[in-house]
Amino acid sequence: MTRFLRLLQWFVILWAALRGAQAEGGSLPPPRFHPVGIEVQWLWDGAPVSFGTAAEGSELRLARADWIMSGPSLLREDGTWLESADWFASFHGGEGRSRAVMEGVPARNYQGMRFQIGVDAATDRADPHQWPPEHPLNPLRNGLHWGWQGGYIYMALEGHYPRVDGRPNSGGFSYHLAGTPQRMTVELKGPLDLTTGGTIRLNFDLARVLAGLDPATFGEFTHSRDGDEVAPRLKARVEQAFSLGGVLPELYQEPVRPHQPKASAVNGTPWPLQISRRLPQVTLPSGNAPTLEGVALGKRLFHEGRLSRTGQQSCASCHQQSAAFTDPGQRFSLGAGGLQGTRNAMPLFNLAWQQEFFWDGRAKRLHEQVLQPITDPLEMHESLDRAVEKLSADPAWPEAFDRAFGSAEITAGRIGLALEQFLLTLISQDSKFDRALLGKASLTPQEQRGLELFVTEHDPVRNLRGADCFHCHSGGLLSNQGFANNGLDAAPAPGRGAVTGRAADHGKFRVPSLRNIALTAPYMHDGRFSSLTEVIDHYDHGVQRSQTLDPNLAKHPAKGLQLSREDKAALVAFLHTLTDPTFAGTAPAPAVLSLSKP
């Protein structure tokens, strides 16, 4: 419930009480309030949109349609507006996140609705990390913040279209509307019966925004810079693309959250976790927050060879701290049985902010993910029952489990919870770049040039010749925490698509953080690139086009970015500033910056 609606509710209650005292017998009924839902229906020319495939009558394939709503107002029958304050929601069509709830709405009939797309100037300038993890303006929740450059993207529309210049497959478009001049206002008239609550359906017809546009001539992207003619034209179209779809009698609720484990550290001492204010706020597992005893147990288990069939291989065998917990120099690690894996060992840090794990995101919780390498024949190749038996036979282990969990019982579930606690404490936040943002270090001219290339769009028509890295590697985490097809192959591996079953996810893999990237060679999910120079060459001129290639790569020219040798060297120099020597030296390491608890 917003602050405004709370005040309004109490005012109406007080007014009704006074009227009731004056009326004979107190016959006036007390006011009623209901929660009211908002549901967005994504359409193309009146029909439901299927993200990732072309709509009927269109050659455009929409991959993303995300936007922020603020300040919803309802039109009373007397022509005045019931306004809200400090209320925000974010909607994400491609992800199926289409609902929000307004609390405490007075029960009555209304004649229309008004809202803004975007945020006010003060909110746009404010620190985005002030918002709790579940708040719509938390950068990780909405994915619509520019990162350390500041400000929100009010609406992001991305997708593909067929090219006519001889390029294979498709081109891409990326329209990001942002900044106060691009804040949009939508006003819709029509009866809304909210006497018993319900859900207001908003129809968002994307054909009214994009139909008839040829990105090759209209423009393949906009970031709402001064003088950009694309943004205001799209703004006008967006404001006319909404319509009221009536009131649904049922108030839709958010899906029920997965079951959380019960408290795992009965007698544990809370771990003094400290997180930089420059990182998003985060929610730790409610039933498994790190404790001193649990983290100590998890660290021992991380280095314990008896979790493998041979007794010689541990988690740490393929995740070495000095390499940001990767397997340095190894494209594929060798398992306990001498067999080679199929994917490159991922770095292990800042996992508290992740929602899915592995390159394809097939695990939803960290305590579930950590058990899979134990049983994988290509990794530790041991059964969980045998691992438990071996630990239980050593008196030192039951004692350690007793300290962490309040009893000496050793189970596979507790092994997972202890490992999860340890991994949650591996936080990397103290690189040279971090210190430069705090004014405690200075980038060299070459490093500064690399940063400029990193955050600059590539658009030769507007004389912008950047490396365009920031779309996927933004914010304090240096990752959008999503999955993307980055053009490694014209016929890519299934990747994320094998997990979701969606054709639109074929070829997508996790977007890794670029923190400590200089320590984690080789690169990509299959370790195909041995150096940062090879990675930059790939994005410069080696991207392979396919149907699910990320639109922000698909929009690049056929001849590539054509970065100079000096520019490539500058990018490498900047990427080296993302190394956290404290983290690579001792883990879990106490932070040395200006910190606050989450």
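Residues numbered from 1 in each chain as written. Predicted model: local features only at pLDDT ≥ 70, side-chain atom pairs only at ≥ 80, totals over all residues. Heavy atoms only, no water.

Next up on the list: the overall build of the protein chain. Of regular secondary structure, the protein chain possesses 20 helices and 19 strands. When the 598 residues of the protein chain are sorted by exposure, 55% land in the buried category. A separation threshold of at least 6 residues defines the contact pool for the protein chain, and within that pool the share at least 24 residues apart is 73%. Summed over its atoms, the accessible surface of the protein chain is roughly 26400 Å², and 52% of this surface lies on carbon and sulfur atoms. (Helix = DSSP H or I, 4+ residues; strand = E, 2+ residues; numbered from the N terminus. Buried < 20%, exposed > 50% of the residue type's maximum accessible area, 1.4 Å probe, protein only. Contact = heavy atoms within 4.5 Å. Areas by Shrake-Rupley, 256 points an atom, 1.4 Å probe, with all protein chains shown as cover.)

Let's shift gears to the pairing of strand β7 (residues 109–117). Burial analysis of β7 places seven of its nine residues in the buried class, which makes it a mostly covered element. When strand β3 (residues 61–75) meets β7, the two strands line up antiparallel, connected through four bridges. The residue bridging L74 from the neighbouring strand is M113, located in β7. (Pairing = 2+ DSSP bridges.)

Two cysteines, two sulfur atoms, one covalent bond between them: this is a disulfide. Scanning the model with the defined rule gives zero disulfides in all. The closest cysteine sulfur to the non-disulfide-bonded C315 is located on C318, 8.9 Å from its own sulfur. Judged by its relative accessible area of 14%, C315 is buried. (Disulfide = S-S within 2.5 Å.)

Our next topic: the nonpolar core. W67, F115, I117, F204 and L210 are the most contacted members of the largest nonpolar core, which totals 62 residues. Those residues in contact with W67, other than ones at most four positions away along the chain, are V40, W42, A89, S90, F91, F115, I117, L144, Y154, M155, F204 and F242. With 47 residues, the next largest nonpolar core counts F357, I410, L424 and L426 among its residues. (Core = buried A, V, L, I, M, F, W, Y, C linked by side-chain atoms within 4.5 Å.)

In this model, the protein chain carries a mean pLDDT of 88, and residues with pLDDT of at least 70 account for 88%. For the stretch residues 586–598, pLDDT sits under 50, and the model shows 34 contacts to residues farther than four places along the chain or on other chains. (pLDDT = per-residue confidence, 0-100.)

Overall, the coordinates contain 31 salt bridges when judged by the stated rule. Here D66 makes a salt bridge to R64, at a shortest N to O gap of 2.6 Å. There is no split in this pair, since D66 and R64 are both buried. In this structure, E452 and R449 form a salt bridge, with 3.7 Å as the shortest nitrogen-oxygen distance. Of this pair, E452 and R449 both sit in helix α15 (residues 445–454), three residues apart, which is roughly one turn of the helix. The class for R449 is partly exposed, based on a relative accessible area of 33%. Because the salt bridges share partners, they merge into one network encompassing E39, R99 and R201. (Salt bridge = Lys/Arg side-chain N within 4 Å of Asp/Glu carboxyl O.)

On to unusual backbone geometry, then. Omega for the bond connecting A521 with P522 falls within 30 degrees of zero, at 0°, which places this linkage in the cis form. Of note, P522 is situated in the loop between β18 (509–510) and α17 (532–542). The backbone of F325 shows a phi angle near 65°, a positive value even though the residue is not glycine. With respect to the helices and strands, the residue F325 is situated in the loop between α8 (315–318) and α9 (366–369). The buried category is assigned to F325, whose relative accessible area is 3%. Look at L478: it is not a glycine, yet its phi comes out positive at around 55°. Residue L478 is classed as buried on the basis of its relative accessible area, which comes to 1%.

With twelve residues, helix α19 (residues 565–576) should cover 16 Å at 1.5 Å per step; its first-to-last C-alpha distance of 17 Å lies within 8% of that length. Of all the positions in α19, only D567, K568, A570, L571, V572, A573, F574 and L575 are classed as buried. Buried residues in α19 make contact with α14 (432–437), α15 and α17. (Expected span 1.5 Å × (residues − 1).)

Let us now look at the packing of aromatic side chains. Across all of its chains, the model carries 22 aromatic pairs by this definition. Here the aromatic rings of W67 and F242 are separated by 5.2 Å at their centres, their planes lie at 70°, and the arrangement is edge-to-face. Here the residue W67 occupies a position in strand β3, and F242 occupies one in strand β13 (residues 242–248), the gap between them amounting to 175 residues. A relative accessible area of 4% places F242 in the buried class. Here W148 and F433 contribute two aromatic rings whose centre-to-centre distance is 5.2 Å and whose plane-to-plane angle is 75°, an arrangement assigned as edge-to-face. On the criterion of sequence distance, the pair formed by W148 in the loop between α3 (139–142) and β8 (153–162) and F433 in helix α14 is long-range, its members being 285 residues apart. Judged by relative accessible area, which is 28%, W148 ranks as partly exposed. Directly above the aromatic system of F358 lies the positively charged group of R362, at a separation of 3.7 Å from the ring centroid. Cation over ring: R496 sits above F483, and NZ or CZ is 4.3 Å from the ring centre. (Phe/Tyr/Trp six-rings, centres within 6.5 Å; stacked < 30°, edge-to-face > 60°. Lys NZ or Arg CZ within 6 Å of the ring centre and 35° of its normal.)

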